Structure formats: C-alpha cells, structure tokens
Amino acid sequence: MNEHYYLELCENPVQFENASSVNNVFFDEANKQVFAVRSGGATGVVVKGPEDKSSVAFRMDDKGEVKCIKFSIGNKILAVQRTPKSVDFINFIPDYPHLEFSQECKMKNASILGFCWTNWNEIVFITDQGIEFYQVLPDKRSLKLLKSQSINVNWYMYCPETAVILLSTTFQGNVLQPFAFKSGTMSKMSKFEIELPVVPKPAKLNLSERDIAVANIYGQLYVMYLKHHSRTTDSPCAEVVLYQLPREGSVKKTNVLKLNTTGKFALNVVDNLVVVHHQSTQTSIIFDIKLREPDCALNVHQPVLPPRSIHPYRIPLTGPSAVPSQPPVPCELWFLTCSVCSPSASGYQWYLQVKLPPTVNLLQDKGKLIDFLLRRRDCKMVILSVCSQMLNGEDKGSLTVVATVFDKLNQVFKEYLEAEQTYTVVSTSSCCTTFL
C-alpha cells in the first residue's frame, strides 16, 4: 500500500508549543525557524529549527503584542516588530551587550507591513509606502539607512534563496515590482504585470498573496500565479502560470501548469517539482517544468503523475493522558498541506518529501520516467531498479524502449565526463599560470 503514495511528510518534525491565548507562534521562512512566544516574551521565547543545534531559548521584556519576530542569518541579531512604526533589535553576538535598540521607519505616515533579513547585519523594512534597506551596527546599537524606494505597496513576498523581495503595487495589485539584495546593494529588477482573468470595474485590489508564490526552480527564480477562471468560460479549470524573473532583462511568462479541476489549492516546491494540493479531494499532483508534452505547446504541462494523497501520518499521543497501548492519533493532512514546512495548529513543523520508488509503476512512459528520475535527488538506486525491471522483470521493455533509456543514461554520463574534463583543463591551466 505504501507504493501508492509518492509524497510524504518527514519522519522527524519540529515540535513546539501550540498557539494559545498566552502563546503566539511565528514562522521565519528564511531560517526555517519556529518561534513560540509566551506572554510577549516575558515568560520565555523558544526558537526551534530543522536541526537541534539551531534551538534557542531566552526571555525578553513584554513591551506589547509581538507582530513579527525573526533572527538574522546565524542567529546573531534578533528583530521584533511590536508596532506599525518601528522594529526593535537585540544583540545575540557573544561579548556584545544584550540590550534592545529600536529603529523607526523613515517614511512619514507609513506603516511597516513586515521586514526581511538579507544578511546577518542587513535588513529591509517593507512599508505601505515603499522599502527601506538598512545596515545594522550591533556595536553602536543603531542602524544606517543604505537605500530606500518610495512605492505604494499592497503586500510583499520574499525568496530567501535569491534574496529577492516582490512588491504588489497599483489598485488591482497585479503589477509586481521585484528588488534584489546582495552585499549591501539593492537593485531594482524589471516590473511586470500579472494577466488577470477578469478586470474589475471600478478598479479594486484583485490579486492576493494567497494566489502568488515565489520559488527557485532549477536555479531560476519564478513567480507562480494560481489563476482561477470564471465558470462561464470555455475552460473553467484552474491553472498555475509561471513567470521567470531574470536578474537583468524583462520578465517572461514561461510555463502553464494545467490543474484540470477547480477549487481551493496550495502550492509547494520540492526537489524542483511544483506540488499542487487540492482541498476538496485532499490529493496532490506534481509538475516538472523540464518535461515537455509532445502534443501540447512547449510551455504547457500536464501533471507528471496521477493525483494521490500524502502518505498518512499518525502523531503519537504524549503527556500524562497517553496510554502505552493507545493507537496514535491520525493527522489531518489537508490542513498541513496549506503550510507544509510551516507550523501547524497541531504543534508540529513538517517538511514535504518526494518518494521516488512509487513513480516507477505510476509513470508508464519509461523514457519520460528516466528523464524525471535523473533530475531528482537520491535517484541512482531507483534508476537501477528501472533498468533491472526492463531487462529481467516480468514486464520486459522492448528493444526500442531499452535503447531510449540507455541513450538517455549515456548522454548524462557523457555530459559528466565532459564537465570533469573541462574542470581538469581549467585547474591545470590555473596551476601553470601560478607557476609561471
């Protein structure tokens, strides 16, 4: 039965105290950390990440409700937002005073929507009137404004892997302006417009952050737009439209993922695969944008595999009410899929994983299967099982299929040898230059 599922949750989720009237829970996407803040921090703040070594516990003065809390890279400086006008900071660098200092946003009458750390000592305030890029000076307990940009902002998103912030602008919210950050510099990238299925009249905010995701796929930055069509159209089914964001040059619409149904969805990216979760059926489908459909336009994709639920997970009971013989309690997976890799109400932080062995029997086209597997992590043993099945199994492949599969494997091996040879030549040339 396990061979039925190609998606599963990680075996060791991060556990934390449930959200309650006295305990607020926050998630930092950049560091993948969960913050449990009790009584505004006065009775304790517990920070847990994907590894035990990233766990931190401390207390801070209760100066009001915490709206947002994040560590900088390496847990060196803590930033806490309690008001719409300012952000407070606490040094966690050894031998530095463990005292708070604060920074107000520079723009008058602006409200801070949130903030993002782009380096261990660099932070961006996003306000409803623009963005402010600061360098934090922990020894002086102050901040230095590096650059700012005035622009009306509805909402924002941040991609920590590429240090790119995406701002939603205009009344309808569908004009997106990205900014890139690197080593103390802020670069304005090309803005672009999301094509809405219906343009409201009069104009109003029509694009929500719920329908947008930013992800790094195969080393390229993409904005994913969950597009819902009107039921009166010829094709009412929803789709995911991908826009590629280059560092320089214009943004291009590159891919369309056909969902073949309607309803509520959630998006994830796992191992360069776009995973789409469907609420009403509690199933998920995956897309590989490098797989091309022969009977479709180059940038239009169908799901790689049939819809499947995530492998059921049972949370063991703990605490004084737990009985050794009592069976574990089933976990409601759809609630989790809305925020996979984010904390859930159950007090667990999960990571979604792709299981490759079940794909062998679910994807009948062996050529496409090998293309799919070659782009995945930990694929070698599964590819060997495919080859063994074709040559020795009950369902042996035809000579044409076997030839196709081994042509693909030989091509990858050839590219590997060429890359290794190029690296050897470059390394040898460098050594010779140094010697001369």
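The structure displayed is predicted, hence computed values, not measured ones. (Residues numbered from 1 in each chain as written. Predicted model: local features only at pLDDT ≥ 70, side-chain atom pairs only at ≥ 80, totals over all residues. Heavy atoms only, no water.)

Asker: How do you make sense of the overall build of the chain when you look at a structure like this?
Answerer: Counting its regular elements, the chain contains five helices and 31 strands. The proportion of buried residues among the 436 residues of the chain is 45%. Partitioning the intrachain contacts of the chain with sequence separation of at least 6 by distance along the chain shows that 45% fall at a separation of at least 24. (Helix = DSSP H or I, 4+ residues; strand = E, 2+ residues; numbered from the N terminus. Buried < 20%, exposed > 50% of the residue type's maximum accessible area, 1.4 Å probe, protein only. Contact = heavy atoms within 4.5 Å.)

Asker: Help me out: how do you make sense of the environment of Asn109 in this one?
Answerer: Its location among the elements puts Asn109 in the loop between strand S10 (100-104) and strand S11 (112-119). In contact with Asn109, not counting residues within four places along its chain, are Lys85 and Gln129.

Asker: What should I look at first to understand unusual backbone geometry in this one?
Answerer: A negative phi angle characterises most non-glycine residues, just as the trans form characterises most peptide bonds. Even without being glycine, Asn75 reaches a positive phi, approximately 55°. Of note, Asn75 is situated in the loop between strand S7 (68-71) and strand S8 (77-81).

Asker: Would you mind showing me how to read the nonpolar core here?
Answerer: If you look at soluble globular proteins, the nonpolar side chains tend to sit buried side by side. Membership of the largest hydrophobic core comes to 33 residues, with the highest contact counts inside it found for Leu7, Ile286, Phe372 and Leu373. Elements with a contribution of two residues or more to this core: strand S1 (7-9), strand S25 (273-278), strand S31 (352-354), helix H3 (366-374), helix H4 (380-392) and helix H5 (399-435). The contacts of Phe372, once residues within four sequence positions are left out, are Leu273, Ile286, Asp288, Leu291, Val304, Leu356, Thr359 and Leu363. Membership of the second largest hydrophobic core comes to 20 residues, among which are Cys159, Leu166, Met189 and Ile194. (Core = buried A, V, L, I, M, F, W, Y, C linked by side-chain atoms within 4.5 Å.)

Asker: Help me understand the sheet that holds strand S5 (residues 45-48), please; the structure alone is not making it clear to me.
Answerer: Two orientations exist for strands paired in a sheet by backbone hydrogen bonds: parallel and antiparallel. With antiparallel pairing, four strands are arranged side by side in an open sheet as S3-S4-S5-S6. The sheet is open, and its two edges are formed by strand S3 (23-28) and strand S6 (56-58), each paired on a single side. Shown here is a sheet whose adjacent strand axes are inclined to one another by a mean of 15°, direction ignored. Note that S3 and strand S4 (residues 33-38) share six bridges and pair antiparallel. Its bridge partner lying in S4, Phe27 is registered against Val34. (Pairing = 2+ DSSP bridges. Axes fitted to C-alpha atoms, helices over the stretch in contact; angles between N-to-C directions.)

Asker: Honestly, the sheet that holds strand S26 (residues 283-287) in this entry has me stumped. Any pointers?
Answerer: Taken in spatial order, the three strands of this open sheet run S24-S25-S26, and their pairing is antiparallel. What marks the edges here is a single partner per strand, and that holds for strand S24 (265-270) and S26. Within this sheet the neighbouring strands show an average axis-to-axis angle of 25°, counted without direction.

Asker: Looking at this structure, I do not really get the packing of aromatic side chains. What am I missing?
Answerer: The relative placement of two aromatic rings is captured by the distance of their centres and the angle of their planes. Counted under the stated rule, the structure contains twelve aromatic pairs. Seen from their ring centres, Phe89 and Phe101 are 5.6 Å apart, and the 20° between their planes marks the pair as stacked. Placement of Phe89 in strand S9 (residues 86-91) and of Phe101 in strand S10 is noted, with a sequence separation of twelve residues between them. Taking relative accessible area as the criterion, Phe101 reaches 6% and is therefore assigned buried. (Phe/Tyr/Trp six-rings, centres within 6.5 Å; stacked < 30°, edge-to-face > 60°.)

Asker: Quick question: what am I supposed to make of the pattern of salt bridges here?
Answerer: A side chain with one charge can pair with a side chain of the opposite charge if their charged atoms come near. Counted under the stated rule, the structure contains twelve salt bridges. Across the pair Lys63 and Glu100 runs a salt bridge, and its minimum N-O distance is 3.2 Å. Separated by 37 residues along the polypeptide, Lys63 in the loop between S6 and S7 and Glu100 in strand S10 bring together distant segments of the chain. A single salt-bridge network, built from bridges that share partners, covers Asp271, Asp288, Arg375, Arg376 and Arg377. (Salt bridge = Lys/Arg side-chain N within 4 Å of Asp/Glu carboxyl O.)

Asker: Just checking my understanding: could you explain H4 for this structure?
Answerer: Note that an α-helix has 3.6 residues per turn; residues three or four places apart therefore point the same way. Here H4 is 13 residues long and its end C-alpha atoms lie 18 Å apart, about the 18 Å a rise of 1.5 Å per residue gives. When we look at burial in H4, the residues that qualify are Val382, Ile383, Val386, Cys387 and Met390. Projected down its long axis, H4 carries its buried residues within an arc of 145°, all on one side. Of the exposed residues in H4, the ones pointing more than 90 degrees away from its buried face are Lys380, Met381, Leu384 and Asn392. (Expected span 1.5 Å × (residues − 1). Arc of directions from axis to C-beta.)

Asker: For this particular structure, what's the right way to read the packing of H3 against H4?
Answerer: If you want to describe how two helices pack, look at the angle between their axes and the distance between the axes. At a minimum axis distance of 10 Å, the contact between H3 and H4 shows a crossing angle of 160°. Our classification of the angle between H3 and H4 gives roughly antiparallel. The two elements H3 and H4 cross, and the hand of that crossing is left-handed. Taking contact as the criterion, the partners of Lys366, Leu369, Ile370, Leu373 and Leu374 in H3 are, on H4, Val382, Ile383, Val386, Gln389 and Met390. By residue class, the composition of the contact of H3 with H4 is eight nonpolar, one polar and one charged. (Parallel < 35°, antiparallel > 145°, perpendicular 65-115°, else oblique. Left-handed = near helix turned anticlockwise from the far one by under 90°. Nonpolar A, V, L, I, M, F, W, Y, C, P; charged D, E, K, R; others polar.)

Asker: Can you walk me through the side chain of Gln172 in this structure?
Answerer: Mapped onto the elements, Gln172 comes out in the loop between strand S16 (164-169) and strand S17 (175-182). Under the relative-accessibility criterion, Gln172 is labelled buried at 15%. With residues near it in sequence (within four places) discarded, Gln172 still touches Leu196, Val199, Pro200, Ala203, Lys204, Leu205, Asn206 and Leu207.

Asker: Even after reading the chapter, I still don't get the environment of Val412, so can you show me in this structure?
Answerer: The residue Val412 is located in helix H5 in this model. For Val412, a relative accessible area of 36% translates into the label partly exposed. Taking the C-alpha atoms as reference, Val412 lies 8.5 Å from Leu374; in sequence the two are 38 residues apart.

Asker: Any chance you could explain a nonpolar patch on the surface here in plain terms?
Answerer: Side chains of Phe413, Tyr416 and Leu417 sit close together on the surface and give an oily, nonpolar patch of about 320 Å² of accessible area. Inspection of the secondary structure puts Tyr416 in helix H5. In this structure Tyr416 comes out as partly exposed when scored by relative accessible area, which is 48%. (Patch = residues over 30% accessible without salt bridge, like charges linked within 9 Å, V, L, I, M, F, W, Y side chains within 5 Å. Areas by Shrake-Rupley, 256 points an atom, 1.4 Å probe, with all protein chains shown as cover.)

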